[in-house]
Amino acid sequence: MKKILTSTIVIVALLVAFTSCNNSGKSSKNGALSSNNAEKVYVAPGEHDSHYAFISGGYSGNLTVYGLPSGRMFKEIPVFSQFPTNGYGYSEESKPMLETSYGFIPWDDSHHPDISQTNGELDGRWIFINGNNTPRIARVGLRSFETEEIIEVPNSAGNHSSSFITENTEYVVAGTRFSVPVPQRDMPIKDYKGNFKGALTFISVDPEHGHMDIKFQVLMPGFNYDLSHPGRGKSHGWFFFTTYNTEEASTLLEVNASQNDKDFIAAINWKKIEEYVNNGGGTMMPANYAHNLLDEATHTTTSTMKKEVRVINPSEVPGAIYLLPTPKSPHGCDVDPSGEYIVGNGKLSANLTVHSFTKMLDAIENEKFAGEAYGIPILNFEDVLAGSVEQPGLGPLHTEFDGQGNAYTTFFISSEVVKWKLGTWEVIDRKPTYYSVGHLTIPGGNSRKPFGKYMFAMNKITKDRYLPVGPEMEHSAQLYDISGDKMELLLDFPTHGEPHYAAAIPAEIIKENTLKFYKLADNKHPRKATNDDETKVVREGKNVHVYMTMIRSHFSPDNIEGVKVGDKVFFHITNLEQDFDVPHGFAVIGANNAELLIAPGQTRTLTWEPKQVGVWPFYCTDFCSALHQEMQGYIRVSPANSNIPLKWSMGEDIE
Ligand code: RUQ
Ligand code: CUA
């Protein structure tokens, strides 16, 4: 035990030493940004960036959209967190998106966005992202830039090795970071080892609509499954997961999960398991998980609870799962564009390990096994090793590829990005990051066809890079030009929340298809009002439904009477505008939720429970025209026992 502690202290000391030494170095202050570099990121007013970057919001629970190379932020797309800015998670239509088996959850921690693919290339249809804390996968439509679907992942905990897409978007894959009892039950924590399970979940994606469904879960040994990536090209049909804590410790993991010299990359032949499942293999297990789906026609999300899930034990499908020894608590698990190389970014390892897919198949064919873990064959490290990059830096986390045979790895402790060559394993270039880089992204990095012009690093510590804003700074991204032999730092820009991973794509793949407005003619919301004749106020017991429209620059109706204390008022509001970028807002005094920001052609509902007698205003929150300030109305609230009749009007006085 003493030895263990000493070694941890050494690691921690190293970490502190490197972090602090880097943080005090102000190496870029003296004009490292030449005017030439400034030109490379300058996007003139009115011109468009060449790339979209979708940067995870981490503990914001959302996804932010940036332009490259300018680093300008265009949008925050709410995914797992309520978003008062537009009423997501507050409006009646969107609340079901945040339903789970634990009830309504207003927040999550989102990590890894990944864009849908066709034939191994980004197709720009959808982007998927994981909810880490309450395991979920979300699908965001890249036509509407709205969250369209969220599926909860049962038997999982700390949904971290997610959400990565196979070559034809057959599956979005989610792996558990924390192993747990499956099914969940009351048991002593100390009995973890051998009893907990790690679920790797394969969620099928319907090619036409993108709808998600859990096809199967593989119940793996109780390791921590940290990150994953699909095989591609020659290795299409396989999926690779890094593991740590193969020691299966449940306490003081910083020491106890760093004991084994090597952990594993788990290689899963999902095609083989899929075939087994298609032939009826696996077991349906009782479960309880939410599936939430937005209907674009009704603008409304419905939440359904699913009651079972298909589980597979590794021993059921011999030849489908192997373990590749990988030093030392690997974090990122990255596959190169050819599908041959699988990089295990061993956080505590001196060298960077690269496995060969071809060698792996050979070893499997020749049944050269070093042993087994819970019945899963372990291959020999030497048999699968393609090569290693010798002492490239300290604390490797993630690797991306430029499609020109180069790889780029982030090193957290030595705070740098290192470029190295696939096949020869030589280091070509290194550039410092400011500071303590986590992920990096090359547009198309997780695909057969990366667009290797830009790379950006997402840094965990910002410190002195921007004007100080108190003890906590937004994280910082750094954009590099990687088109030459050497990386060139072009730009720093702040990000929102904690950007774990990001996905980026050339703008032209998405921009022509984006939605400009919702067609009123297609609106199937059951309580829509598509013209003034359809506006009304209807009492159903204590519920009062207001069918309202909005257009520059009035609400209809804008005077309402006959509402009483104790009623619940539902404002169902349709934005009649049929023009790009003309939302209207709606807010009413004392509402316990948020405003609504309603897109053109859309219907949204805000619930309001008047608590006090009086005449109360409501208004548009978005400065929509010169007469925006006139876009307002009143609702009269009478005592609970009053018999003021229900009336509504616009443009005339209520009699
Ligand atoms: S993690 S900094 Cu959530 Cu992707 Cu590696
Ligand atoms: Cu509508 Cu302001």
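The name given to the chain in an unreviewed UniProt entry is Sec-dependent nitrous-oxide reductase, with Gelatiniphilus marinus as the source organism. The record in UniProt for the chain states the following under Subcellular location (unreviewed entry): "Cell envelope".

### Let's talk about the overall build of the chain
Per the secondary structure count, the chain includes seven helices and 45 strands. Against the 2.2 N^0.38 benchmark of 26 Å for 655 residues, the chain shows a C-alpha radius of gyration of 27 Å, consistent with a compact globule. With the principal axes as the frame, the chain shows a C-alpha extent of 90 × 65 × 50 Å. Pairs at least 24 apart in sequence give 63% of the contacts found in the chain among residues at least 6 apart.

### Re the site of ligand 1
Around ligand 1 sit His111, His112, His160, Leu227, His331, His398, Gly438, His439, Lys460 and His500, and that is every residue in its neighbourhood. Within the shell around ligand 1, the residues separate by chemical class into one nonpolar, eight polar and one charged.

### Examining helix H4 (residues 270-278)
Every α-helix winds through 3.6 residues per turn, so residues three or four apart in the chain are directed the same way. Restricting attention to buried positions, one finds in H4 the residues Trp270, Ile273, Glu274 and Val277. All buried residues of H4 project into a common sector of 105 degrees when viewed along the axis, lining one side. At the C-terminal side of H4, Gly280 shows a positive phi close to 90 degrees.

### A closer look at the sheet that holds strand E28 (residues 416-421)
Taken in spatial order, the four strands of this open sheet run E26-E27-E28-E29, and their pairing is antiparallel. Each edge of the open sheet is held by one strand with a lone partner, namely strand E26 (396-401) and strand E29 (427-432). Ignoring which end each strand starts from, the neighbouring axes of this sheet average 20 degrees apart. Here E28 pairs with E29 via five bridges, running antiparallel. For Val418, the partnering residue across the bridge sits in E29 and is Arg430.

### Some details on the sheet that holds strand E12 (residues 197-205)
One open sheet holds the 10 strands; their spatial order is E6-E7-E8-E9-E17-E18-E13-E12-E11-E10, and the pairing between them is mixed. Each edge of the open sheet is held by one strand with a lone partner, namely strand E6 (114-118) and strand E10 (164-165). Pairing of strand E8 (residues 136-141) with strand E9 (residues 146-152), which is carried by six bridges, proceeds in the antiparallel orientation. When the bridges of E9 are listed, Val140 appears paired with Thr147. Its contacts with the sheet put H4 on strand E11 (171-175), E12, strand E13 (212-221) and strand E18 (300-312), and the angle it makes with E13 is roughly 115 degrees.

### Concerning the nonpolar core
Of all hydrophobic cores here, the largest spans 28 residues; its most connected members are Phe202, Phe216, Met220, Phe241 and Ile273. With near-sequence residues (within four places) excluded, Ile273 lies in contact with Phe216, Val218, Ile268, Ile312, Val317, Ala320 and Ile321. Counting residues in hydrophobic clusters, the runner-up holds 25 residues, among them Ile77, Met97, Ile127 and Ala503.

### Quick notes on helix H5 (residues 357-365)
Taken as a whole, H5 has its buried residues at Phe357, Met360, Ala363 and Ile364. Projected down its long axis, H5 carries its buried residues within an arc of 120 degrees, all on one side. Positioned one or two residues after H5, Glu367 has a phi angle of 50 degrees, which is positive.

### With respect to the packing of aromatic side chains
Tallying each qualifying case throughout the model produces 29 aromatic pairs. Considering the side-chain rings of Trp238 and Tyr322, the 6.4 Å spacing of their centres and the 35 degrees angle between planes classify their relative orientation as tilted. One end of the pair, Trp238, is in strand E15 (residues 238-244); the other, Tyr322, is in strand E19 (residues 321-326), with 84 residues separating them in the sequence. With relative accessibility at 6%, the residue Tyr322 sits in the buried group. One aromatic cluster is present, formed by Tyr171, Phe202, Phe216, Phe239, Phe241 and Trp270 through successive ring pairs. The ring centre of Tyr434 lies 4.1 Å from the NZ or CZ of Arg465, which sits over that ring. Sitting over the ring of Phe580, Lys516 keeps its end group 5.3 Å from the ring centre.

### With respect to unusual backbone geometry
Backbone torsion omega between Ser162 and Ser163 reads -10 degrees, so that peptide bond is classified as cis. Inspection of the secondary structure assignment puts Ser163 in the loop between E9 and E10. The peptide bond linking Arg552 to Ser553 adopts the cis configuration, its omega dihedral lying at 0 degrees. Locating Ser553 in the fold gives a position in the loop between strand E36 (543-551) and strand E37 (554-556).

### Examining the pattern of salt bridges
One pass over the full model with this rule turns up 24 salt bridges. Note that Asp481 and Lys40 form a salt bridge whose closest N and O atoms lie 3.4 Å from each other. Highlighted residues: Asp481 in strand E32 (residues 476-481) and Lys40 in helix H2 (residues 35-41), separated in sequence by 441 residues. Assessed through its relative accessible area of 28%, Lys40 is described here as partly exposed. For Asp567, the salt bridge identified is with Arg539, shortest N-O distance 2.7 Å.

### Looking at the side chain of Glu274
As for its position among the elements, Glu274 is in helix H4. Lacking a salt bridge, the buried Glu274 has Lys215 as its closest oppositely charged neighbour, with an N-O distance of 5.3 Å. Excluding residues that lie within four positions of it along the chain, Glu274 makes contacts with Tyr171, Lys215 and Phe216.

Rules and cut-offs
Residues numbered from 1 in each chain as written. Chains lettered and ligands numbered in written order. Predicted model: local features only at pLDDT ≥ 70, side-chain atom pairs only at ≥ 80, totals over all residues. Heavy atoms only, no water. UniProt positions renumbered as here; feature names shortened; annotations may be inferred. Helix = DSSP H or I, 4+ residues; strand = E, 2+ residues; numbered from the N terminus. Rg over C-alpha atoms; globule rule 2.2 N^0.38 Å. Contact = heavy atoms within 4.5 Å. Near = heavy atom within 4 Å. Nonpolar A, V, L, I, M, F, W, Y, C, P; charged D, E, K, R; others polar. Buried < 20%, exposed > 50% of the residue type's maximum accessible area, 1.4 Å probe, protein only. Arc of directions from axis to C-beta. Pairing = 2+ DSSP bridges. Axes fitted to C-alpha atoms, helices over the stretch in contact; angles between N-to-C directions. Core = buried A, V, L, I, M, F, W, Y, C linked by side-chain atoms within 4.5 Å. Phe/Tyr/Trp six-rings, centres within 6.5 Å; stacked < 30°, edge-to-face > 60°. Lys NZ or Arg CZ within 6 Å of the ring centre and 35° of its normal. Salt bridge = Lys/Arg side-chain N within 4 Å of Asp/Glu carboxyl O. Lys, Arg positive; Asp, Glu negative; His and termini not counted.

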